[in-house]
Amino acid sequence: MFRSLHMKLVLIMLLLITSLMAVVGAFLMTSVTNFYIDDFYSQMGETFGESNADFVNSLRAEAAQEGGVAVMQSMLETYSGTLGIDSRSRNYYILDAASGECLAASDELGGENLEQTANLLTARNGQVGDESDIAAGYMDVAIPISGGDNSYIIYIRDNRSTVSSLNSELLIIILQALLVGLLISVLLSFLLSKTMINPIEKLTEGAERVASGDFSEKLEVDSTDEIGILTTTFNDMASVLHSTLEAVEDERNKLDTLFLHMTDGVVAYDRDGALIHCNPAASELLERSADECVYAELFEPLCPFEKVMAMQRSDFVASELTVGERTVELYFAPFSDEERGGVLVVLHDVTQQRKAEERRREFVANVSHELRTPLTNIRSYAETIRDAGDELPRELENNFLDIVINESDRMTHIVQDLLTLSRLDSGRSEMNMARFDFGAAIDSVLRSIELEARRHGHELTHDYHDLPMIMGDRGRIEQVMLNVLGNAVKYTPDGGHIRVTAGAVGERVWMEVADDGIGIPKADRSRIFERFYRVDKARSRESGGTGLGLSIATEIVQRHNGTLSLVDREGPGTTVRLELPIRQSEEGSAQEGGNG
Ligand code: ADP
């Protein structure tokens, strides 16, 4: 109930008013009582003090007389005005000092049941008793009067009923004032709450809005006092908080987008090893859903979690993991030195890199092997010719020299092919793009192979009409066609059939070279476009092949955004299909082939 500031304010004011009235009341009532007591004793002093010594002497003189009590009483009656004797609250008594018996009194009871007070006892001992206890219910003064053989005590007693009724009156007035004060304080507290608590309540509402993320409204500043300053400061704080939150949100969105689209995987764990984040690339590389990326299962054997947590933020541990067919490089690093923080694992797919390295190694091995064979041949034939001297028949010597020349031609061929490939690989080999007649190019290739085909007794037929003009490097495309046709001639036993067909479909042209030769076994079909790959090495070498022809052709075709493939067809022989786009987009023509 007293939680609200308003109620607290009311309570404080009530307590304040009540305690103030209590203090004022107590002070007033004590003052009135003290004043009354002081007034009593000053009245007594005026009558019985040294300033009125005649009166006391007269009383002593009367006391010495027989029947002096009556005269003393009448003397006291004369002074009753000065003494304030009213026969109700204040009375006088004349007592016999020896027996304490009341001889005369102003009250109706005649001094019956008169209490033996401390002042009375003092007077009976011959002293004036004028001590008063503020807490007592009365005040009194006892004056011993001795004359001749007689000793009397004049005793004045006030039962304080006057001061009590006065205090009661005062109490009622104080209580009334308290009531009015309380009413005023309640009214005042309402007024105060309007000016003080309402702005605080508005501020609270504003703070609640900000806490729930609503920064749309600013609080109105109605005053220049402390609450006004607080409201302005709150508005400033909210706007700083808003812009900071926006910056943080932007940063988080940026990171989220980065994590979402980056090809490297990122997995984050908190310091207890619980998964915080796992991007799609990581889940794909690890071949498991994000929830299943448990550190203990996946990475603990490679790099213990505690070890990473103990590292500096700038340090990292690299490791490697094989997942299915993939090789994944892993980097472990702590992402904060603070109390919180955790471990970040970055995954990088190096499968292609490793394959490329493997291919490069294979390539170098192939090149050295390919060059070593003709070199060995050249050396051994040259040595034979040298060692034999004149003993070697002329004809045999010429045969050997032919072999040496052939082998060196082969080497030149291989080196030329390698050079071409390396130029294509490095992109140094420019394609001279121009529009040319696709049909005319096939015609020209057919013409140049015709003789060779005829030499092998092949039947070379063709079927194509009205082929469109296409964009490309005519020389290179003809080189591709010649390679495919040359292979058909080479790998078809003499007297075979070679058929060239071509056409255009949509935005592309195609050419197919079908032969009924030795064909390519299923297992080798996917590999014949690889460098140095040959189904029958001896046969290829016999026919002057290097195993690089189709790789070069594939590179050229890819640079034209086309395809070179084997057609899956029933029956003996091989069908190779070349497909090229009629137009080359600008980017396409600039694009470089990358098939190894
Ligand atoms: P090569 O210089 O050895 O001819 P290529 O790259 O041109 O090299 O061809 C690769 C291999 O593919 C050849 O060695 C051969 O085994 C096979 N090949 C290519 N074309 C044919 C075909 N028409 N018939 C049978 N085999 C073929």
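Quick look at the structure, then. Everything numeric in this text was worked out from a predicted model, so none of it was measured.

1. A few points about the overall build of the chain
At step 1: A count of helical and extended segments in the chain gives 18 helices and 16 strands.
At step 2: Radius of gyration (C-alpha) of the chain: 64 Å, far over the 25 Å computed for a compact globule of 596 residues.
At step 3: Considering only C-alpha atoms, the chain reaches an extent of 200 × 60 × 40 Å along its principal axes.
At step 4: Across the 596 residues in the chain, those meeting the buried criterion constitute 39%.
At step 5: Across the chain, every contact between residues at least 6 apart in sequence was considered, and the portion connecting residues at least 24 apart equals 60%.
At step 6: Entry remark: accessible area of the chain is about 34300 Å², with carbon and sulfur atoms responsible for 54%.

2. Looking at the pattern of salt bridges
At step 1: A complete count under the given rule lists 30 salt bridges for this structure.
At step 2: In this structure, Arg-534 engages Glu-370 in a salt bridge whose closest nitrogen and oxygen atoms are separated by 2.4 Å. Remark: Glu-370 occurs in helix H11 (residues 351-388) and Arg-534 occurs in the loop between helix H15 (522-525) and helix H16 (537-542); sequence separation between them is 164 residues. Comparing Arg-534 with Glu-370, the two get one shared label, buried.

3. A closer look at helix H12 (residues 394-426)
At step 1: Taking 1.5 Å of rise per residue, the 33 residues of H12 would be expected to cover 48 Å, and the 47 Å separating its terminal C-alpha atoms lies within 8% of that figure.
At step 2: Turning to H12, the residues buried within the fold contact H11, helix H14 (474-490), H16 and helix H17 (549-559).
At step 3: Just downstream of H12 lies Gly-427, where phi reads positive at about 80°.

4. A few points about the environment of Asn-366
At step 1: Relative to the helices and strands, Asn-366 resides in helix H11.
At step 2: According to the relative accessible area criterion, Asn-366 is partly exposed, its value standing at 23%.
At step 3: C-alpha of Asn-366 to C-alpha of Thr-30: the two residues are 336 residues apart in sequence and 124 Å apart in space.
At step 4: Here Asn-366 is in contact with Arg-531 and Phe-532, once residues within four sequence places are set aside.

5. Remarks on the packing of helix H6 (residues 161-211) against helix H7 (residues 226-261)
At step 1: Running from N to C, H6 and H7 cross one another at 5°; their axes reach a closest spacing of 11 Å. Comparing their axes, H7 and H6 come out roughly parallel. Between H6 and H7, the residues in contact are Met-196, Pro-199, Ile-200, Leu-203, Gly-206, Ala-207 and Val-210 and Ile-227, Leu-230, Thr-231, Phe-234, Ala-238 and Leu-241, respectively.
At step 2: In terms of residue class, the contact of H6 with H7 is made up of 11 nonpolar, two polar and no charged.

6. Looking at the sheet that holds strand E4 (residues 150-158)
Strand pairing in a sheet takes place through backbone hydrogen bonds and is either antiparallel or parallel in direction.
At step 1: Sheet architecture is open: four strands sit in the order E2-E1-E4-E3, paired in antiparallel fashion. Strands at the two margins of the open sheet, each flanked by one partner only, are strand E2 (102-105) and strand E3 (139-147). Neighbour-to-neighbour, the strand axes of the sheet open up by a mean angle of 20°, direction not taken into account.
At step 2: Its contacts with the sheet place helix H1 (residues 5-48) against strand E1 (90-96), E3 and E4, and it is angled at close to 15° to E3.

7. Some points on the sheet that holds strand E5 (residues 265-270)
At step 1: Read across the open sheet, the five strands follow the order E6-E5-E9-E8-E7; overall the sheet is antiparallel. Lying at the two open borders of the sheet, with one neighbouring strand each, are strand E6 (275-278) and strand E7 (317-323). Each adjacent strand pair in this sheet contributes to an overall mean axis angle of 20°, direction not counted.
At step 2: As paired elements, E5 and E6 share three bridges and run antiparallel to each other.

8. Focus: the site of the ligand
At step 1: Taken together, 22 residues surround the ligand, and among them Asn-487, Tyr-491, Ser-540, Thr-546 and Leu-550 come closest.
At step 2: One nitrogen or oxygen atom from the side chain of Lys-490 is found 3.0 Å from an oxygen atom belonging to the ligand.
At step 3: Between an oxygen atom of the ligand and a main-chain N or O atom of Gly-547, the distance comes to 2.9 Å.
At step 4: Compared with its free state, where it exposes 530 Å², the ligand has 97% of that area covered by protein.
At step 5: For the shell around the ligand, the secondary structure elements donating two or more residues are H14 and H17.

9. Comments concerning the nonpolar core
At step 1: With 45 residues, the main nonpolar core has Phe-438, Ile-442, Met-481 and Leu-564 as its most contacted residues.
At step 2: For this core, the secondary structure elements donating two or more residues are H12, helix H13 (438-455), H14, strand E13 (497-505), strand E14 (508-515), H17, strand E15 (563-566) and strand E16 (575-581).
At step 3: If near-sequence neighbours (up to four positions away) are discounted, Met-481 is found in contact with Phe-438, Ala-441, Ile-442, Val-445, Met-511 and Leu-578.
At step 4: Judged by nonpolar contacts, the second largest core, of 29 residues, contains Val-69, Leu-83, Tyr-92 and Ile-154.

10. Some thoughts on unusual backbone geometry
At step 1: A positive phi is found at Arg-160, a non-glycine position, where the angle reads about 60°.
At step 2: Owing to a relative accessible area of 6%, Arg-160 belongs among the buried residues under this scheme.
At step 3: Its identity is not glycine, yet Asn-561 carries a phi of approximately 60°, on the positive side.
At step 4: Inspection of the secondary structure puts Asn-561 in the loop between H17 and E15.

11. Section: the pairing of E7
At step 1: Because side chains alternate across E7, one face comprises the buried residues Val-317, Ser-319, Leu-321 and Val-323, and the other comprises Ala-318, Glu-320 and Thr-322, none of which is buried.
At step 2: Both E7 and strand E8 (residues 326-334) contribute to a ladder of seven bridges, which runs antiparallel. Each residue of the ladder has a partner; that of Ser-319, found in E8, is Leu-330.
At step 3: Where E7 folds back onto E8 in an antiparallel hairpin, the turn is made up of two residues, including Gly-324, whose phi is positive at roughly 60°.

12. Some remarks on the packing of aromatic side chains
At step 1: Scanning the model with the defined rule gives 13 aromatic pairs in all.
At step 2: Summarising the aromatic geometry, the rings of Phe-40 and Tyr-41 are spaced 5.0 Å apart at their centres and angled 80° between planes, so their arrangement reads as edge-to-face.
At step 3: Relative to Phe-55, the ring of Phe-48 lies with its centre 6.1 Å away and its plane at 45°, an arrangement referred to as tilted. The pair formed by Phe-48 and Phe-55 is uniform in burial state, with each residue classed as buried.
At step 4: Within the aromatic cluster, the residues linked to one another by ring pairs are Tyr-269, Tyr-295, Phe-299, Phe-305 and Phe-332.
At step 5: One cation-aromatic arrangement involves Arg-531 over Phe-363; the distance from NZ or CZ to the ring centre is 5.8 Å.

13. Observations regarding the pairing of E2
At step 1: Two strands pair when backbone bridges link them, and E1 and E2 are joined in this way by three bridges, in the antiparallel orientation. From the neighbouring strand, Leu-95 faces E2, where its bridge partner is Cys-102.
At step 2: Connecting the antiparallel pair E1 and E2 is a turn made up of five residues, with Gly-100 showing a positive phi of about 80°.

Cut-offs and rules
Residues numbered from 1 in each chain as written. Predicted model: local features only at pLDDT ≥ 70, side-chain atom pairs only at ≥ 80, totals over all residues. Heavy atoms only, no water. Helix = DSSP H or I, 4+ residues; strand = E, 2+ residues; numbered from the N terminus. Rg over C-alpha atoms; globule rule 2.2 N^0.38 Å. Buried < 20%, exposed > 50% of the residue type's maximum accessible area, 1.4 Å probe, protein only. Contact = heavy atoms within 4.5 Å. Areas by Shrake-Rupley, 256 points an atom, 1.4 Å probe, with all protein chains shown as cover. Salt bridge = Lys/Arg side-chain N within 4 Å of Asp/Glu carboxyl O. Expected span 1.5 Å × (residues − 1). Axes fitted to C-alpha atoms, helices over the stretch in contact; angles between N-to-C directions. Parallel < 35°, antiparallel > 145°, perpendicular 65-115°, else oblique. Nonpolar A, V, L, I, M, F, W, Y, C, P; charged D, E, K, R; others polar. Pairing = 2+ DSSP bridges. Near = heavy atom within 4 Å. Polar contact = N/O pair within 3.5 Å; in protein donor to acceptor, adjacent residues only side chain to side chain. Core = buried A, V, L, I, M, F, W, Y, C linked by side-chain atoms within 4.5 Å. Phe/Tyr/Trp six-rings, centres within 6.5 Å; stacked < 30°, edge-to-face > 60°. Lys NZ or Arg CZ within 6 Å of the ring centre and 35° of its normal.

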